[in-house]
Amino acid sequence: MYKPKSDSQLNTEGWKSVNWRKAERYVFKLQKRIYTASRRGDVKLIRKLQKTLMRSWSNKVLSVRRVTQDNTGKKTAGVDGIQSLTPAARFELASQIKLTGKSRPTRRVWIPKPGREEKRPLGIPTMYDRALQALVKAALEPEWEAVFEPNSFGFRPGRSCHDAIWQIKNAIKDKAKFVLDADIAQCFDRINHKTLLQKLNIKGKVKQQIKAWLKSGVIDQGAFTATSEGTPQGGVISPLLANIALHGMENHIKKFAQTLHIRYPNGEKMCKRDKVRTLTLVRYADDFVSAT
């Protein structure tokens, strides 16, 4: 069996001496193997490779760089007040992150919705939790990218809203169709924790850690509120968890479409196969368009 070369040993030279290209190659190599194993359905190999990747020093430094340098929210502090880390502090953070099964509460920040008076709640995790979420996401994402529905475009690597628009155009350009544009109200805030954890189909410390993030609670103006459902908007791993929760939506709607009484323009009754064949569902996060 293939065993990837481990780089879990701590690099003691310093943040500025990190070979970023080598680290990216190592992480990407493992992610490709996780993706391939997921396509084959080899769960045992997936878990072994994910375990190796989450222990990898390369993945740790890349995760810290993402949340402390690359991310636009790098200067936004969580409940610990830590922000804008120095190179030495980044290096120290990379040496500390590991799965503990614990999480600190998120800090509630309210931001206005474009064109509306209402505001959207964001849950800002601590810098440590953000780095750890990036570490776990790097291991989980390739597994799920291998099985996600082809017409899902939101919060996925290499996909954008322009791809979703192009897919909608392809679905309706040949002939006139009925188009439904819908939005799942408060999607992030209403995700069932128990169902999501079952869907992840993962055990051990990773499951405990994700559960801790989901149950961490929020602090809004000094008041603590427990979280019994939903994922915190503002967390690094939250978009991936939302996509996992919504995975299978296309198949579910196609099964529902088979129960509808649909007729052709000439009045002839449409068969189940044609109902599914003519239906296109394009989803971007919690917004979706159905054309039939």
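About the cut-offs
Residues numbered from 1 in each chain as written. Predicted model: local features only at pLDDT ≥ 70, side-chain atom pairs only at ≥ 80, totals over all residues. Heavy atoms only, no water. Core = buried A, V, L, I, M, F, W, Y, C linked by side-chain atoms within 4.5 Å. Buried < 20%, exposed > 50% of the residue type's maximum accessible area, 1.4 Å probe, protein only. Helix = DSSP H or I, 4+ residues; strand = E, 2+ residues; numbered from the N terminus. Contact = heavy atoms within 4.5 Å. Phe/Tyr/Trp six-rings, centres within 6.5 Å; stacked < 30°, edge-to-face > 60°. Lys NZ or Arg CZ within 6 Å of the ring centre and 35° of its normal.

A. Molecular detail of the nonpolar core. Formed by 51 residues in total, the largest nonpolar core has its most connected members in Val136, Leu200 and Ile210. Here this core gets 9 residues from one element, more than from any other, and that element is helix 5 (residues 127–145). Excluding anything up to four places from it in sequence, Leu200 contacts Arg47, Trp144, Ile210, Leu241 and Ile244. Core analysis: the next-biggest nonpolar cluster, separate from the first, contains 5 residues, Met249, Leu279, Leu281 and Phe288 among them.

B. Highlighting the packing of aromatic side chains. Enumeration according to the criterion identifies 5 aromatic pairs in this entry. Between Trp57 and Phe91, the aromatic rings sit 5.6 Å apart at their centres with planes inclined by 75°, giving edge-to-face as the arrangement. One end of the pair, Trp57, is in helix 3 (residues 57–70); the other, Phe91, is in helix 4 (residues 87–96), with 34 residues separating them in the sequence. Residue classification places Phe91 among the buried residues on the basis of a relative accessible area of 15%. An angle of 85° between the planes, with centres 6.4 Å apart, marks the rings of Phe155 and Phe188 as edge-to-face. Taken together, the residues span a long stretch of sequence, with Phe155 in the loop between helix 5 and helix 6 (161–172) and Phe188 in the loop between strand 3 (179–183) and helix 7 (193–200) at a distance of 33 residues. A residue is classified by how much of its surface remains accessible, and Phe155, at 42% relative accessible area, is partly exposed. The class of Phe188 is buried, set by a relative accessible area of 10%. The rings of Phe155, Phe188 and Tyr284 are connected pair by pair, giving a single aromatic cluster. Between the NZ or CZ atom of Arg65 and the centre of the ring of Trp20, over which it lies, the distance is 4.5 Å.

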